[in-house]
Amino acid sequence: MEEERERWGSKFGFIMATMGSAVGLGNIWMFSYRCGRCGGAAFLIPYLIILFLVGIIGLMVEWTLGRKNKAGVLDSLINCGFPGGKYLGWIPIINVFLIFSFYAVIEGWCMKYMVMSLSGELMAIDPGPYFGNFVSSYEPLIWLAIGIIATVTINSFGVKKGIERACKFMMPLLLVLVVILMIRSLTLPGAEAGIAFFTKPDLSKITWDVWLNAAGQIFFSLSLVGSTMVVYGSYLRPKDDIPGSALIVALGNTAIALMCGFVIFPAVFSFGLDPASGPSLAFITLSSIFQQMVGGRFFAFLFFLLLFIAALSSDVSMMEPVTEVFVSHFKLGRKKVTLLLGFLAFLVGIPCALLGWFLDLLASVVTTMILAPIGGIIVAVALAWFVGVKHAREEVNEGASIKMGKWWEPYVKYIYPAIILVILILGILSCFGIFEATW
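Per chain, residues are indexed from 1 in the order of the written sequence. Thresholds applied to this predicted model are a pLDDT of at least 70 for local features of residues and 80 or more for the giving and counting of side-chain atom pairs; totals over whole chains, interfaces and linings are not thresholded and use all residues. For the side-chain quantities, the full set of heavy atoms in the structure was used; hydrogens and water were omitted.

Caption draft 1: Unusual backbone geometry, seen in detail. Even without glycine at this site, Ser 223 takes up a positive phi of about 60°. On the basis of relative accessible area, Ser 223 is assigned to the buried category, the value being 7%. The phi dihedral of Lys 331 falls on the positive side, at around 55°, and the residue is not glycine. Positionally, Lys 331 belongs in the loop between α15 (296–329) and α16 (334–354). Note on Lys 331: relative accessible area 56%, which makes it exposed. The rule is simple: take the accessible area with a 1.4 Å probe, protein chains only, and divide by the maximum for that residue type; under 20% is buried, over 50% is exposed, in between is partly exposed. Only runs of H or I of at least four residues qualify as helices and only runs of E of at least two qualify as strands under DSSP, and these elements are numbered from the N terminus.

Quick look at the structure:
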């Protein structure tokens, strides 16, 4: 089985594929509206703290479990003797499939607006009513289908020829687009107010709500849902550097998110709009900005192309854990599996595309607040308590440029899962209105 399993072709390919999973709409769309709602720079303080306390460790935990077992989450839990692993292993797999399904809906929105920018139609609409009418129609189903077809096509070619090759192209292009848009935004009249909002924190705005949002952002953005990163870790070679790669991916992911903040907030303040406008920030608020901006049609196209690439690269990564289960565990052909999963994702995506409340429920409550932390806890417990922290530290230090010391063992065994448990409890309480959270 070890000889048959695919491997990443290079460290660069692995980094680009992992960045493709991490750098998605969560960095551009979700990061910006969460940051805007949570006080701008005030959001960055808990975000950066949680990044180092949880984010980097989480990547190491999930990659280590995958590489140690040379398997995705289901077979990893079975191999390490996790009680009920053959059942509990489906929780993170189902979760990531649901994320893939609703993410494909938003990927379709990005394609729609990219085409509108290219044709010039975006410059002539009233952004608010137009977006409302669009998401209330049946047209999103067409774009949903196109987005799923693009994702299925890439995944059907496998790890090296599909995911790795596509991300080697998409991630550098995404970075170039971010830099171009950031330069344009920072040179707008009145951009200074947006820069101040994003760089000068008001400490009084750092509430429990902000901490919970920052934690949710880290887990969602880095794909720490107990499935994707486990599978990506299973494709690592024995001498690949897990701690060094975790640091690169986490910091690179954060750098892209910060650069996107410098794209959006200077522009929002330059045109006197609301930085806390929520999920509509990308499709309504920024569309209004592009209509008023010199060269707006061109920059609108670049922005929505950026959003589309981010969404596609993440959807590719989220489809892979589900594909891997059926290919490795059930010994089915990859092309048949990807076609079947694409069809099922379209069916799940239909209510997401047609019912806004269902999309919100699935995106916020089910996947981010409940299922994602449950998957993270399962993987953390499996590695620390059933593989064993001593064996886990030996595995994570294999090929590492930065060796993890003895401190890593109690941290991974007790502190890391405890932090995820707190996030899960607060998320559940917020669902019942006991604890208020702005998702």
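Caption draft 2: Here's a closer look at the confidence of the model for the chain. Looking at any residue, its pLDDT shows the predictor's confidence there, from 0 to 100. Of all residues in the chain, 95% attain a pLDDT of 70 or more, and the chain-wide mean is 88. Confidence, expressed as mean pLDDT per element, reaches its minimum in the chain at helix α2 (residues 25–37) with 79 and its maximum at helix α4 (residues 73–79) with 95.

Caption draft 3: Looking closely at helix α1 (residues 11–22). Expected span of a helix, by definition, is 1.5 Å for each gap between consecutive residues, and there is one gap fewer than residues. End to end, α1 covers 16 Å across twelve residues, agreeing with the expected 16 Å (1.5 Å per residue, within 8%). Of all twelve residues in α1, ten are buried; the element is thus mostly enclosed.

Caption draft 4: Spotlight on the pattern of salt bridges. For this document, the term salt bridge refers to a Lys or Arg side-chain nitrogen within 4 Å of an Asp or Glu carboxyl oxygen. A complete count under the given rule lists seven salt bridges for this structure. A salt bridge links Arg 67 to Glu 395; its shortest N-O distance comes to 2.7 Å. With Arg 67 in helix α3 (residues 41–69) and Glu 395 in helix α17 (residues 356–397), this residue pair connects regions lying 328 residues apart in the sequence. Among the residues examined, Arg 67 registers a relative accessible area of 4% and is labelled buried. The partner of Glu 398 in a salt bridge is Lys 239, with the nearest N and O atoms 2.8 Å apart. Of this pair, Glu 398 sits in the loop between α17 and α18 (408–431) while Lys 239 sits in the loop between α12 (228–234) and α13 (242–270), placing them 159 residues apart in sequence. Given a relative accessible area of 32%, Glu 398 falls into the partly exposed group. By relative accessible area, Lys 239 is classed as exposed at 62%.

Caption draft 5: A look at the environment of Cys 167. Take Cys 167: it is sitting in helix α9 (residues 159–186). Relative accessible area serves as the criterion here: at 1%, Cys 167 is assigned to the buried category. Sequence separation between Cys 167 and Ile 78 is 89 residues, and the spatial gap between their C-alpha atoms is 31 Å. Any two residues having at least one pair of non-hydrogen atoms within 4.5 Å are treated as being in contact. Every residue in contact with Cys 167, bar those within four places of it in the chain, is listed here: Met 16, Ala 17, Gly 20 and Pro 172.

Caption draft 6: Representation of a nonpolar patch on the surface in the model. A grouping of Ile 45, Ile 49, Leu 53, Leu 203, Trp 208 and Trp 211 is seen on the molecular surface, where their side chains present a nonpolar patch of about 580 Å² in accessible area. Tracing the backbone through its elements, the reader meets Trp 211 in helix α11 (residues 208–221). Take Trp 211: its relative accessible area is 30%, and that puts it in the partly exposed class. Patches draw on residues past 30% relative accessible area with no salt bridge. Two like charges within 9 Å are joined, as are two nonpolar side chains (Val, Leu, Ile, Met, Phe, Trp, Tyr) within 5 Å. The Shrake-Rupley method, run with a 1.4 Å probe, gives the accessible areas here. Residue values count only the displayed protein chains as cover.

Caption draft 7: View of the side chain of Gln 217. Inspection of the secondary structure assignment puts Gln 217 in helix α11. Take Gln 217: its relative accessible area is 0%, and that puts it in the buried class. Residues within four places of Gln 217 in sequence aside, it is in contact with Gly 26, Asn 27, Met 30, Phe 31, Arg 34, Phe 43 and Tyr 47.

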